[in-house]
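# Structure at a glance
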Amino acid sequence: MSEAASTRTPVALLPSLTPLLHQWLPRQRWFAGKGRPVAGFSLVSAAELLPVDSTNPGLLHLLIRVQHPGPAGGKAAGRESADCYQLLLGVRTTLPPHLASALIGRLGEGPLTGRTVYEGLHDPRLAGLLLERLRTPGRFGTLRFDQAVPVVGGLPARILDAEQSNSSLVYGDSYILKIFRRVYPGINPDLELPLALARAGCERVPAPVAWYESATPEPATLGVLQPYLRGSQDGWQLALKALAADRDFTDEAQALGRATAEVHTALAAALPVMTLSRAQTWHLATAMNERLDAAVRAVPALLPYARGLRDAFDAIDKAELCRGGHAQRIHGDLHLGQTLRTPDGLWSVIDFEGEPARPPAERRRMQPPVRDIAGILRSFDYAARSHRPWNPAWAARCRAAYCEGYAEACGTDPRAEPELLRAYETDKAVYEVVYEARHRPDWLPVPMAAIERLAGPGQ
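Residues numbered from 1 in each chain as written. Predicted model: local features only at pLDDT ≥ 70, side-chain atom pairs only at ≥ 80, totals over all residues. Heavy atoms only, no water.

### What about the side chain of Asp381?
- With respect to the helices and strands, the residue Asp381 is situated in helix H9 (residues 370–386).
- The exposure class of Asp381 is buried, given its relative accessible area of 9%.
- If sequence neighbours within four positions are ignored, Asp381 has contacts with Ala395, Ala450 and Arg453. (Helix = DSSP H or I, 4+ residues; strand = E, 2+ residues; numbered from the N terminus. Buried < 20%, exposed > 50% of the residue type's maximum accessible area, 1.4 Å probe, protein only. Contact = heavy atoms within 4.5 Å.)

### Re unusual backbone geometry
- Omega for the peptide link from Arg388 to Pro389 comes to 0 degrees, which places this bond in the cis form.
- Among the secondary structure elements, Pro389 is positioned in the loop between H9 and helix H10 (392–410).
- In this structure, Asp246 takes a positive phi of about 55 degrees despite not being glycine.
- The phi angle at Asp351 is positive, at roughly 60 degrees, despite the residue not being glycine.
- By the element assignment, Asp351 lies in the loop between strand E18 (347–349) and helix H8 (360–363).

### Observations regarding the packing of aromatic side chains
- A full pass over the atoms with the stated rule returns eight aromatic pairs.
- Relative to Tyr212, the ring of Phe145 has its centre 5.5 Å away and its plane inclined at 20 degrees; by these criteria the two rings are stacked. Of this pair, Phe145 sits in strand E7 (residues 143–147) while Tyr212 sits in strand E12 (residues 210–214), and the two are 67 residues apart along the sequence. Each of the two residues, Phe145 as well as Tyr212, counts as buried.
- Relative to Trp443, the ring of Tyr382 lies with its centre 6.0 Å away and its plane at 15 degrees, an arrangement referred to as stacked. Taken together, the residues span a long stretch of sequence, with Tyr382 in helix H9 and Trp443 in the loop between helix H11 (418–439) and helix H12 (445–454) at a distance of 61 residues.
- For Tyr382, a relative accessible area of 9% translates into the label buried. (Phe/Tyr/Trp six-rings, centres within 6.5 Å; stacked < 30°, edge-to-face > 60°.)

### Describing the pattern of salt bridges
- If you walk through the whole model with that rule in mind, you get 28 salt bridges.
- Between Arg135 and Glu132 there is a salt bridge whose closest N-O contact spans 3.2 Å.
- Residue class for Arg135 comes out partly exposed when judged on its relative accessible area of 38%.
- Relative accessible area serves as the criterion here: at 31%, Glu132 is assigned to the partly exposed category.
- In this structure, Glu353 engages Arg363 in a salt bridge whose closest nitrogen and oxygen atoms are separated by 3.9 Å. A residue pair is termed long-range when its members are at least 10 positions apart, and Glu353 in the loop between E18 and H8 and Arg363 in helix H8 qualify at 10 residues. Each member of the pair, Glu353 as well as Arg363, is classed as buried.
- A single network of salt bridges, built from pairs that share partners, joins Lys178, Asp190, Asp351, Glu353 and Arg363. (Salt bridge = Lys/Arg side-chain N within 4 Å of Asp/Glu carboxyl O.)

### Some thoughts on the sheet that holds E18
- Ordered by their spatial adjacency, three strands build an open sheet running E14-E17-E18, and the pairing between neighbours is antiparallel. Of all strands in the sheet, those with a lone pairing partner are strand E14 (233–234) and E18, marking the two edges.
- Sheet topology note: the strand E17 (residues 339–341)/E18 ladder contains three bridges and is antiparallel. By the bridge assignment, Arg341 is partnered in E18 with Trp347.
- Sitting on the sheet, helix H5 (residues 250–270) touches E17 and E18, and the angle it makes with E18 is about 45 degrees. (Pairing = 2+ DSSP bridges. Axes fitted to C-alpha atoms, helices over the stretch in contact; angles between N-to-C directions.)

### A word on the packing of helix H6 (residues 278–298) against helix H7 (residues 306–318)
- Interhelical geometry of H6 versus H7 gives an angle of 165 degrees and a closest axis separation of 8 Å. When the axis of H6 is compared with that of H7, the two are roughly antiparallel. Our pair here, H6 against H7, has a crossing hand that is right-handed. Of the residues in H7, those in contact with Arg278, Thr281, Trp282, Leu284, Ala285, Met288, Asn289, Leu292, Asp293 and Val296 of H6 are Ala306, Leu309, Arg310, Phe313, Asp314, Ile316 and Asp317.
- Counted by class, the contact of H6 with H7 contains 10 nonpolar, two polar and five charged residues. (Parallel < 35°, antiparallel > 145°, perpendicular 65-115°, else oblique. Left-handed = near helix turned anticlockwise from the far one by under 90°. Nonpolar A, V, L, I, M, F, W, Y, C, P; charged D, E, K, R; others polar.)

### As for the pairing of strand E3 (residues 81–92)
- Within E3, 10 of the 12 residues are buried, which leaves the element mostly enclosed by the surrounding structure.
- In terms of strand pairing, strand E2 (residues 58–68) meets E3 through 11 bridges, oriented antiparallel. Directly across from Leu62, in E3, lies its bridge partner Leu87.
- Looking at chain direction, E3 and strand E11 (residues 182–183) are connected through two bridges and run antiparallel. When the bridges of E11 are listed, Tyr85 appears paired with Arg182.
- Two elements, E3 and strand E5 (residues 116–119), share four bridges in a ladder whose sense is antiparallel.

See below:
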């Protein structure tokens, strides 16, 4: 290990950081433990990406495990849970005014006593260093850097502020680096699946240019560099603009359906596919019912609709069309915000990480492609509901056009299996209810309106 890569202070540094992290971490949008007390921190790994000295800023890379006490009652009572987070901490003697918003705090003890610690990604100089590391494949302390093609250096860096569960840096107009904040062992689907799609020749997904991972104590994807689609707009914003202008969106929806089908077809060609057996179809329905049980406990407003929602899930176990269908790797969290349309009208699909609230093993599981389709259909409904006045006819036209486009590209119309489509839309709406209740209570009426519709007879 080189001198630059050796971290001189990790064991001694964590105790001095702990009071600052207790205050700072829960305020971050990507922190998954909101509402849960923090019992403590432990250091997983540390690397000094830029050595700390008295005159220049330093950059510390830390993987920190955050412990949460278990609930007071139930099976998990007394058991601690833990999440691992990736931190990139800048260290300076004095923080300049333009970085004031990135302040974490000043260390009052430990090996860096008197130094100021801050969110390093907000510092263009330190953010640029990450790009330089990605240009040189190989191991650097506890980290490993890899690339698929050579990376251009010397590009100005800026951080994107819109993300929730991760952080992203844009370099010039060439690259975007997605940095995973909550870290899990193994390859992240947001690297695994775009790499597979690139090998399959699918141009609907930006191919990874470079990436870095934890080399110790076990491999884990930490960040992925991809081409930056200059001038592109995400599907959610495009849909809202169309609604605001009272403009039809069916052509765009149909084209997006074709793009989704192309991605599914490429994934099926690049990775294993399985045929759903009767037992596996039963398992799908059982898992949906279990998620509903947990959701009802978390959001009692779901209780009056529970019977109708269970009927939607149980119907897939009885429908002959569902058995003999196939499951494969899919996007797993597809909605309009995970799509980009370039100025020339080409749709791309991004962010293959999957739903952040679901366990990693579940996100990597093969599933029917209709789950992704249901996500987009729900997203059209969200867009129509978030506009005033509500425009359900607009959503219905977009949903139909999207399914038509999908069928054009792959020959299979998702509406041909209404039981499966309804079940996955219902499962998604139940997930949305829990999410909105926890994070955006003002939005709760949006998925609850879908719950009322999907729980009704004949839906």
